[in-house]
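Each chain is listed here by its residues.
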Amino acid sequence: MHAHITRFGPLLFIVLAAVLPLAFASGYQLFQLTLVVAYALSVLGLNLVTGYNGQVSLGHGAFYAVGAYVTAIMMDRWDVPYWATLPVSAVVCAVFGFLLGMPALRLGGVYLALTTFALAVAVPQLLKYKLIDGWTGGVQGITIIKPDAPYDLPLTSDQWVYLFSLAVGVLMFALASNLVHGRIGRAMVAIRDQPIAAEAMGIDIARFKTLTFATSAMFTGIGGSLAAIAVQFVSPDSFTVALSVTFFVGMVIGGAASIWGAVFGALFIEFVPNIADHLSKAAPGAIYGVILIAFMFLAPGGIASLLRRWFARLAVK
Amino acid sequence: MKRRTVLTGLGGIAASAMVRPAAAATVGVTKTEIKIGNTIPYSGNASSYGVIGKADAAYFQMINDQGGINGRKINFITLDDGYAPAKTVEQVRRLVEQDEVALLFNSLGTANNTAIHKYMNTKKVPQLFVSTGADKWGDPKGFPWTMGWQPSYRTEAQIYAKAILENYAGKKCALIYQNDDFGKDYLGGLQDALGKDFEKHFTKLITYEATDPTVDSQVVALKDSGAEVMVSAAIPKFSAQIIRKAYDIGWKPVHYMSNVSASVGATINPAGPEKAVGVITSAYQKDPTDPEWANDPGMNEWRAFMKKYIPDGDLADGGYSFGFGVSMTMVQVLKQCGDDLSRENIMKQAANIKRLDVPVLLPGVYVSTTPDNFHPIRQMQLTRWTGKTYERFGKVIDAT
């Protein structure tokens, strides 16, 4: 039973995720699901560096912003097709992450958290900086045009953007899954849990830490690119500190050091604020807080770990 | 039997189509209801603006309690966007595609409204009376489905230009502005009002960046230009610096300051209340805390509304009176629509408001639009900082 779930579960999930929304979801719901994919990639990126590798980052909104801006600038200024912006965005964000990973080597725990947090605080203002505002559009941001389905496919633009994002998401999740379940993933976890032992085993800690940071930034940056294509608009105000904290919430709620956790975390950060707003206009923040605490009590290791325990119990029966 | 039912049904549809040709186009409208959507930050950094959404909702509740508009009740759906443009897009798509509102009303924030600007105009859904001061909301040719409400920055600058022409003609003027959309709206407004004489009056133009740490050097340069009149298009932090620096270097120009910086807490106190004496800015709303309006019938109407519908609301918060005024404008448009509540007619009536006096606006300030003019409020009165409060002076100035 358990083996079947692990083998066919993801495949079934992908097929359902592709087919059901096309059949039943409205344009607005497809848009929401596209954002879920974008958030899932971003949370996954954060999960790689924080969940698996133990380097706490509160600044991943910055990579998300860079990814979104790379896509927006390329589409708007240079008329590059949307799909072609993703590899560029991945490279730019990876380089950016690598550079940030260097000082991160010297900082650990709360100090690294604070440093990355500073990055998140700085980004909205840096985006308005005059030397680059010819590209970034300054405060007013950039509006981009939503791509239509190619080859005269009988799909609406929303359906196409969702399918495209889902395909990118599945590919990236498969990559991440391979990464963490292999030699590199074991090294990442070893560095998190027992850095001294890991070094004694011959793991090059500095190299792994910086490369993890770069990979993490790349995942989050691609998430940002997909979001920009769906939202059709980027501006400095889209990428405030709150966004970085939101990703962190998504990672913890979904389940740190879990690939599937990123999906649950993304669903949480996309839909729970709407529920909170629905329950109370006076204090949606307070309702959100209560739901957050409730989740921490009911699923202390994140939603992914809760489900894992349920499945394990099913398998035993 | 079945066939007959179908035929009768078809006949009925045809007949109703003949009687009321617009009926098919009335999205979000039934015989008993008009659905209106809204986004505003109820959470996050800008959640203090949430009071405007509450006031809007309460105002429509009051209208419903009085029987609605032409027998229709307003179903006001207001959603939290946390001031995040991506969330605004999501919520607005929900309102338009899922809830199927007739129109979007009073959505707040410049970036937030920019994010949905194209969408609303492609979908041809009215985006009415948005809460932002940018000038671009009044562009009937480029964006015929969007309209602002409050005086735009550009309108405000036109008013300063008129005041300068009347009182300080022939004096050297200088402008300092933030180098972005916001600041450039002021430059545009001054140029509108002065035309080709702009360069004759304004001999010194200088910019600063929102990311600059200080504007001290710019102020020194302005002083050295020998200007006797200064217009500053700046946000509170920089307005405070400008006031303080000008005072400290002994420069005393006539100072017109953008009214986003009018706040005593954010601008005047940091600059030093005594250093700001004489600074001129502008207003279009009655300040709820101004003793002059303590017994004003218009403000009492608002206070009675507050007492009944938002009893725990802070009566010093101008957001509530703003919401009251903008909602009243919305209701006026719907009344004018009569029974034709198609989106086309809603837009047509919104562009055809004939002098609506709104009790929370200053005497002489009113709402009016035409198909060529999507700037509903175009009058303001100047106010001067006396060291303790602002004092309005002179007559209301019309920008058009």
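Residues numbered from 1 in each chain as written. Chains lettered and ligands numbered in written order. Predicted model: local features only at pLDDT ≥ 70, side-chain atom pairs only at ≥ 80, totals over all residues.

1. Remarks on the overall build of chain A
Check the secondary structure of chain A and you find 14 helices and two strands. For 317 residues, the compact-globule estimate of 2.2 N^0.38 gives 20 Å, and the C-alpha radius of gyration of chain A, at 19 Å, lies within 12% of that figure. The C-alpha extent of chain A, read off along each of the three principal axes, is 50 × 45 × 45 Å. Here chain A holds 317 residues, and the buried ones make up 49% of them. Across chain A, the fraction of contacts at a sequence separation of at least 24, relative to all contacts at a separation of at least 6, is 77%. (Helix = DSSP H or I, 4+ residues; strand = E, 2+ residues; numbered from the N terminus. Rg over C-alpha atoms; globule rule 2.2 N^0.38 Å. Buried ≥ 20, exposed ≤ 12 C-beta atoms within 10 Å, placed from the backbone. Contact = placed C-beta atoms within 7 Å.)

2. Some details on the overall build of chain B
Along its length, chain B carries 13 helices and 12 strands. A compact globule built from 400 residues should have a C-alpha radius of gyration of about 21 Å, and chain B, at 23 Å, falls within 12% of that. Structurally, chain B occupies a C-alpha span of about 95 × 45 × 35 Å along its principal axes. With 400 residues in all, chain B has 49% of them scored as buried. Sequence separation of 24 or more characterises 67% of the internal contacts of chain B that already satisfy a separation of 6 or more.

3. Structural notes on the interface of chain A and chain B
In this complex, chain A contributes 26 residues to the contact, which on the side of chain B involves 25 residues. Elements with a contribution of two residues or more to the side of chain A that touches chain B: α2 (27–52), α10 (205–231) and α13 (284–298) of chain A. Among the elements that take part in the side of chain A that touches chain B, α2 of chain A stands out by supplying five residues, more than any other.

4. Here we look at the packing of helix α3 (residues 60–78) of chain A against helix α5 (residues 109–126) of chain A
Relative to each other, α3 of chain A and α5 of chain A sit at 35°, their axes nearing to 7 Å. Along its contact with α3 of chain A, which presents Gly61, Ala62 and Ala65 of chain A, the element α5 of chain A presents Leu119, Ala120 and Val123 of chain A. (Axes fitted to C-alpha atoms, helices over the stretch in contact; angles between N-to-C directions.)

5. Some remarks on unusual backbone geometry
Residue and element names in this part refer to chain A. Here the phi dihedral of Asp79 falls at roughly 55°; this positive angle occurs in a residue that is not glycine. Among the secondary structure elements, Asp79 is positioned in the loop between α3 and α4 (82–106). Its identity as a non-glycine residue notwithstanding, Gln232 has a phi of 65°, on the positive side. By the secondary structure assignment, Gln232 is in the loop between α10 and β2 (233–234). In this structure Gln232 comes out as buried when scored by C-beta crowding, with 21 C-beta atoms within 10 Å.

6. Notes on helix α3 (residues 85–98) of chain B
Residue and element names in this part refer to chain B. An ideal rise of 1.5 Å per residue puts 20 Å on 14 residues; α3 measures up with 19 Å between its terminal C-alpha atoms. Within the sequence span of α3, burial applies to Pro85, Ala86, Lys87, Thr88, Val89, Glu90, Gln91, Val92, Arg93, Arg94, Leu95 and Val96. Positive backbone phi, approximately 50°, marks Glu100, located one or two places after α3. (Expected span 1.5 Å × (residues − 1).)

7. Description of the environment of Ala167 of chain A
Residues and elements named next belong to chain A. With respect to the secondary-structure elements, Ala167 resides in helix α7 (residues 157–181). In this structure Ala167 comes out as partly exposed when scored by C-beta crowding, with 13 C-beta atoms within 10 Å. Residues Ala167 and Ala18, 149 residues apart in the sequence, show an inter-C-alpha distance of 8.8 Å.

8. Describing the environment of Thr71 of chain A
Residues and elements named next belong to chain A. With respect to the secondary-structure elements, Thr71 resides in helix α3. A residue is classified by how many C-beta atoms lie within 10 Å of it, and Thr71, with 29 of them, is buried. Note: C-alpha distance between Thr71 and Leu86 (15 residues apart in sequence) is 7.0 Å.

9. Quick look at the environment of Phe60 of chain B
All names here are of chain B. Residue placement: Phe60 occurs in helix α2 (residues 50–65). You can call Phe60 buried: it has 25 C-beta atoms within 10 Å. Residues Phe60 and Asn75, 15 residues apart in the sequence, show an inter-C-alpha distance of 8.2 Å. Ignoring sequence-local partners within four residues, the contact set of Phe60 consists of Ile74, Phe76 and Ser327.

10. Focus: the domain arrangement of chain B
Residues and elements named next belong to chain B. Split by domain assignment, chain B resolves into domain 1 (10–150 + 296–369) and domain 2 (154–283 + 382–398). The C-alpha-based centres of domain 1 and domain 2 are spaced at 33 Å. Grouping the constituent residues of the side of domain 1 that touches domain 2 by class yields three nonpolar, one polar and one charged. (Domains from an automatic or database assignment. Nonpolar A, V, L, I, M, F, W, Y, C, P; charged D, E, K, R; others polar.)

11. Points about helix α8 (residues 216–224) of chain B
All names here are of chain B. When we look at burial in α8, the residues that qualify are Gln218, Val219 and Leu222. Seen end-on, α8 carries its buried residues on one side only, within an arc spanning 100°. Among the exposed residues of α8, those pointing more than 90 degrees away from its buried face are Ser217 and Asp224. Next to the buried residues of α8 lie β6 (173–178), β7 (202–208), β8 (229–233) and α9 (236–248). At the C-terminal side of α8, Gly226 shows a positive phi close to 80°. (Arc of directions from axis to C-beta.)

12. Regarding the pairing of strand β11 (residues 379–385) of chain B
In summary, the side chains of a regular strand alternate between the two faces of the sheet. Residue and element names in this part refer to chain B. Among the seven residues of β11, five are classified as buried, and the element is accordingly described as predominantly covered. Sheet topology places strand β10 (residues 280–283) next to β11; four bridges connect them, and they run antiparallel. Residue pairing in the sheet places Thr281 in a bridge with Thr383 of β11. Hairpin connection, β11 to strand β12 (residues 390–398): the antiparallel pair is bridged by four residues, and Gly387 has positive phi, about 115°. (Pairing = 2+ DSSP bridges.)

13. Quick word on the packing of α3 of chain A against α4 of chain A
Residue and element names in this part refer to chain A. It is at 9 Å that the axes of α3 and α4 come closest, and there the two elements cross at 140°. Between α3 and α4, the crossing angle belongs to the class labelled oblique. Remark: the crossing between α3 and α4 carries right-handed chirality. In contact with Phe63, Val66, Gly67, Val70, Thr71, Met74 and Met75 of α3, α4 contributes Tyr82, Thr85, Val88, Ser89, Val92, Cys93, Phe96 and Gly97. Along the lines of polarity and charge, the residues of the contact of α3 with α4 split into 10 nonpolar, five polar and no charged. (Parallel < 35°, antiparallel > 145°, perpendicular 65-115°, else oblique. Left-handed = near helix turned anticlockwise from the far one by under 90°.)

14. What about the confidence of the model for chain B?
Residues and elements named next belong to chain B. A residue-level look at chain B finds 94% of positions with pLDDT of 70 or above and a mean pLDDT of 89. Highest mean pLDDT in chain B belongs to strand β3 (residues 103–105) (97); lowest belongs to helix α1 (residues 2–19) (45). Across residues 1–24, where pLDDT falls below 50, the model places four contacts with residues more than four positions away in sequence or in other chains. Scored as a whole, the predicted complex attains pTM 0.80, and scored at its interfaces, ipTM 0.75. (pLDDT = per-residue confidence, 0-100.)

15. Regarding the sheet that holds β3 of chain B
Residues and elements named next belong to chain B. Pairing is parallel across the open sheet formed by five strands, whose spatial order is β2-β1-β3-β4-β5. Strands at the two margins of the open sheet, each flanked by one partner only, are β2 (73–80) and β5 (146–148). Neighbour-to-neighbour, the strand axes of this sheet turn through a mean angle of 20°, independent of strand direction. One ladder, built from two bridges, connects β3 with strand β4 (residues 127–130); its direction is parallel. Its bridge partner being in β4, Leu104 is matched across the sheet by Gln127. Sheet strands in contact with α3 are β1 (33–40), β2 and β3, and its direction is about 175° off that of β1.

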